[in-house]
Every structure is written in C-alpha cells, then in structure tokens.
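# Structural overview
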Amino acid sequence: MSNNNRREIVRTQDVRKVYRMGSEEVHALQGITVTIYAGEYISIMGPSGSGKSTFFNMVGGLDKPTSGEVYIDEVDIAQLGIFELAWLRCRKIGYIFQTFNLIPVMNALENVSLPMVFAGVGADEARDKAAALLTKVGLGHRLNHRPPEMSGGQQQRIAIARAMANDPAIILADEPTGNLDLKTGHEIIDLLTELKEERGVTIVTATHDMKMLAASDRVIWVTDGKISRIQKREELDIKVGSISGEEA
Amino acid sequence: MSNSTNKHTIFADDGGGRRQLTLPWGQTIHMCWGNIRNRAGRFMLIFIGIAVVVAFFMSNLSYQGMVDDLKASAGTEAQSRLNQAAEAVRSDAKEYEAARAELEDAIHAQAVLERAGFYSDTISEKKQGDQQVWLMLLSGILCLVGITNTMLMSVTERIREIGTLKCLGALDGFVIRLFMIESVFIGLVGSLIGALVGYILTLLQVGMVLEFSLISFSQAIQTFFKGVPLAVVAGTVLTVMAAVYPTYVAARMKPVDAMRVEI
Ligand SMILES: Nc1ncnc2c1ncn2[C@@H]1O[C@H](COP(=O)(O)OP(=O)(O)OP(=O)(O)O)[C@@H](O)[C@H]1O
Ligand SMILES: [Mg+2]
C-alpha cells in the first residue's frame, strides 16, 4: 500500500445472482455492495456454498449478475462486448485457480508467455519477461519443465507468474492454496503479498482457511450470499492471534 | 469502451487497439501436436479407425482400378501384338519371336482374368460393386461417429483447460482453430497410414487373386499416385467433418468453466 490514494478499482452495486436448476432457484448472491481499492489485499471468507466463487466470477468478468452492476475501474462490465471482455481478462485481470490450470503440454516458459502472446507481445519479449517472472517466483532453474513434472506448489508459482504476465491491475485467486499443504500455502500467500507490495497490484482471494488471512488488508465475510461484515487488518490481527492462540 | 470521457486508467492503454487475442500458427500447431501426443493412447484408437476405413476404401478403389487396367491392356495388347507379329513374320524372325512372347503374355493375362471370373457375368459384378459402395459408406459413418465420440471425450476432459484459455483472453475463434488443426493432424496421419496399408493390400490382393507377375512396375507406381492422394484427402475430410460438433461444443465453453474443481 505504498501510494494508496484510495482509487476505486472494483465496485459492485447490489449484485444478485440466481441459478435456476429446473424449477428450483438458488440465490447464490443476494445483494452484494462493496468497493475494493487499488493496491489492496482482500480476502473473501465464508463457509462452503456461501457464494464466494460466484462473487468472484462476477468481479472477474467471467459471469454476468442476474441483477446489479459490477464496475471495474468505473466501467460497467455488462456494457462490454465480447472482444472488450476478452481484452479485459487478458490484460487487466490475472486469474489464479485452486487447481493451477496450467496448460499441460506447454513448459513453464510457454505457459507464462501465453497471456503475453495473446496480448500481442512479440515472441522474444514475451520469453524474456516470462523468464524474469519465473525467476522472480523462484523457478528460474525450471523454465523448460512441464507442469506434470512439478509439485503443486511449483505449479501454483508458475500460475502466479502467468497471472502477472500482462501486469494486470487485479489478481483474482479463488482458493489458491486449496490444493496445497499448509507450508506451501503460506509460501504462496507470502509470494502474493510480496507482489502486491512490489508492484501495487490489487489482490482478491477467496478462502475458508483462517490461517491465510494474516496478509489481508481487509477481510470480507460472506454468509448465504450476503456480506455479514468487513474487517480491517487492525481488527483482524487480534482475531487471528486469538485463533492461533486457541489452537496452540 | 463505453464512455471515453471518464479518466479510466485500466482501459487507458488500449494503445495498440484490437490486438490478436490468439496465438501464431507455430504455437497453435505446437499445442495441438502436444495434445495429440499427450493422449496418444486414445488417439491411437482414432488413428486405427481412420486407417482401417481408408485402407478399405483405398484397396477397393485401387484393386478395381488395377483389374480394369489389366483387362484393357490385355485386350489391346493382344490385338496390337498380333498385328506386329503378322508384320514381323515377313521381316525378321528374331523380332517375331519377341512379339510372339509378348502376345503369349497378353493371352495368359486374359486367361488368368477369365479364371478369376472377371469376364463372366456383368450383372452380378455390378451387384457386388453396389455392395462394396454400401460397405464403404457404412464404415465411413461408423468411423465418423467413433471420431466424434472420442473427440467429445477429449473436449470434456479439457473443459478446464479451454476455460483457462478463455480466462487468458482467447476468443472462440482461437478454440475453433485449435480443434480444427488438431483434427486435420489426426486425419492426415491416420489416412496416410491407412492409404499405405491399403496400397499394400491392393498389390497383395491382385497378386493373390490373379498373379504377381501381372503387376508391372509402372502400373504399381500409377496406382500409388492415383489412389494415395485421393484416400488421404477423403480420410482427412471425413475426420474434419467428425470434429465439427466437438469443436462447436469446445468453442461454446465459458471462462467460468476454468473454475471447476471436479470434472
Ligand atoms: N453453476 C451453478 N449452477 C447452479 N448452482 C450453482 C452454480 N454455481 C454455484 N451454485 C450454487 O450457488 C451457491 C454458492 O456457490 P459458490 O460456488 O459461490 O460457493 P463458495 O462459497 O465458493 O463455496 P466453496 O467454499 O465450497 O467453494 C451454492 O449453493 C451453489 O450450489
Ligand atoms: Mg468456491
């Protein structure tokens, strides 16, 4: 949060999402209004089925709300055409998935270059930048290895490098540590924090793991598709402390 | 963008305007080939399927072609040799001998063809031909369904991968291109194998049913260049047709599909 002049980067206005399955309706989101500022590290917390992933998809331009608006940098993403949406996903948002989602037939370097090539960056430039990013996440020595040859933690590091490839404004990570053990999970969170500090990227993660909260500037608690409370880091520290205290 | 009067910082550096959001050919082909290699086991089945159908198609056509050629050349050759022989009787005994030997060859070929039943009843021959066409059609359809099914499986397996590509900015067109190139690859390789197998089968068939000595080198070459390109093109077109529906399914996948944890 080096030069944080509280610029709004994501704003949602009464976002609702209803899934229809036959005659049944699932109200996954029931009016979410929240503002996320540039350079923040936000964690979205909530029990399983509370609507975290659904909210994520709205913010990431992956799905459209049933009603309500999502603004990314003051642009209503419902107004964007197919090409503009693809462009937004490519250039402005970096996605990190629970299941890593690397392209198995490509090596680390090619995986990280991919978004840059999509964005029209030249091949040489893309390779150089990909190599630099991979070195940054600590995989400089494994540029030519393919994902199936790597551990989960290493794959997630490649995914982080890939998410950073086009210098996005926002990184969305839905349970980035869900498939990792505790130690590796912490390393991934530390890496994300470092990137945030260094490059001022906004990070939004979803998790239901309390231990992953320490890095957050704010925690948004979601229950049954509604925001139940928003905590700042200051309020949080006590909480996290007491939780780890209870466990010890 | 919706209204450019706002001082949007995210959307500001649109600079280059509409860039590609797709991959250059080299990388696309690299990706397709990698995917085929990754699923070598399953694609082996497709390869074999295409190869068998193309081989069947090829051997049928070529075999018929070769027999027709033999029939024609045996007939005309016999006639021309006969004339030559009559002339040679008058001039040169040595040449006469050569002409007579060739005449005997032609007569022999006709005899072999007749023994194999190729001069007999044209009606039953036609009926047999019709049956062959039906068989080819049927095997073609079966092959089509098989390829479609296998490719659909591959698309289902790759839901997350396709969704991820879309999250990274790929447009539908790119996904279509990816799967189409893949099917052209599969079709080309499968039918090439099939065409070669079919060609060998043709030679064997002619040799077994008739006589190996009847196959001349030039005729073998001619059959090869007439049949193989046709069979490869037909096999590839068949494969690409089979890939149309799976490609459509893949292209319609949503970026959200990348989020699926279970497949
Ligand atoms: N594609 C869908 N079709 C129908 N219902 C859905 C769909 N996606 C989510 N839901 C429903 O919406 C609700 C919220 O789901 P969501 O995936 O957002 O929860 P979550 O908070 O991410 O849970 P988890 O922690 O398990 O990932 C759930 O009741 C879920 O069943
Ligand atoms: Mg979820």
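Above this text you will find the structure in question.
Before going into details, it helps to say that this report is about the structure given with it. (Residues numbered from 1 in each chain as written. Chains lettered and ligands numbered in written order. Predicted model: local features only at pLDDT ≥ 70, side-chain atom pairs only at ≥ 80, totals over all residues. Heavy atoms only, no water.)

## Here we look at the overall build of chain A
Each helix and strand in chain A was counted, giving seven helices and 10 strands. Over its C-alpha trace chain A gives a radius of gyration of 18 Å, about what one expects of a compact globule, namely 18 Å for 248 residues. In terms of overall dimensions, chain A has a C-alpha envelope of 50 × 45 × 45 Å along the principal axes. Out of the 248 residues belonging to chain A, those deemed buried represent 58%. Considering only residue pairs separated by 6 or more positions, chain A has 71% of its internal contacts joining residues 24 or more positions apart. (Helix = DSSP H or I, 4+ residues; strand = E, 2+ residues; numbered from the N terminus. Rg over C-alpha atoms; globule rule 2.2 N^0.38 Å. Buried < 20%, exposed > 50% of the residue type's maximum accessible area, 1.4 Å probe, protein only. Contact = heavy atoms within 4.5 Å.)

## Points about the site of ligand 1
Residue and element names in this part refer to chain A. Around ligand 1 sit 14 residues, and of these Ser48, Gly49, Lys52, Ser53 and Thr54 come closest. Take serine 48: an N or O atom from its side chain is 2.4 Å from an oxygen atom of ligand 1. A total of 630 Å² of accessible area belongs to ligand 1 in isolation, and the protein chains cover 64% of it. Elements represented by at least two residues in the shell around ligand 1 include exactly strand 1 (8-21), strand 2 (24-37) and helix 1 (52-59). Taken together, the residues of the shell around ligand 1 sort by class into five nonpolar, seven polar and two charged. (Near = heavy atom within 4 Å. Polar contact = N/O pair within 3.5 Å; in protein donor to acceptor, adjacent residues only side chain to side chain. Areas by Shrake-Rupley, 256 points an atom, 1.4 Å probe, with all protein chains shown as cover. Nonpolar A, V, L, I, M, F, W, Y, C, P; charged D, E, K, R; others polar.)

## Here's the deal with the interface of chain B and chain A
In many analyses, interface size is given as the accessible surface area lost on bringing the parts together. Contacts between chain B and chain A engage 39 residues on the former and 41 residues on the latter. Here chain B and chain A share an interface that buries about 3800 Å² over both sides, 67% of which is from carbon and sulfur atoms. Our count for the chain B to chain A interface comes out at zero salt bridges. Secondary-structure elements contributing two or more residues to the side of chain B that touches chain A are helix 1 (25-38) and helix 5 (159-167) of chain B. A class-by-class count of the residues in the side of chain B that touches chain A yields 18 nonpolar, 13 polar and eight charged. (Buried area = accessible area lost by both parts, 1.4 Å probe. Salt bridge = Lys/Arg side-chain N within 4 Å of Asp/Glu carboxyl O.)

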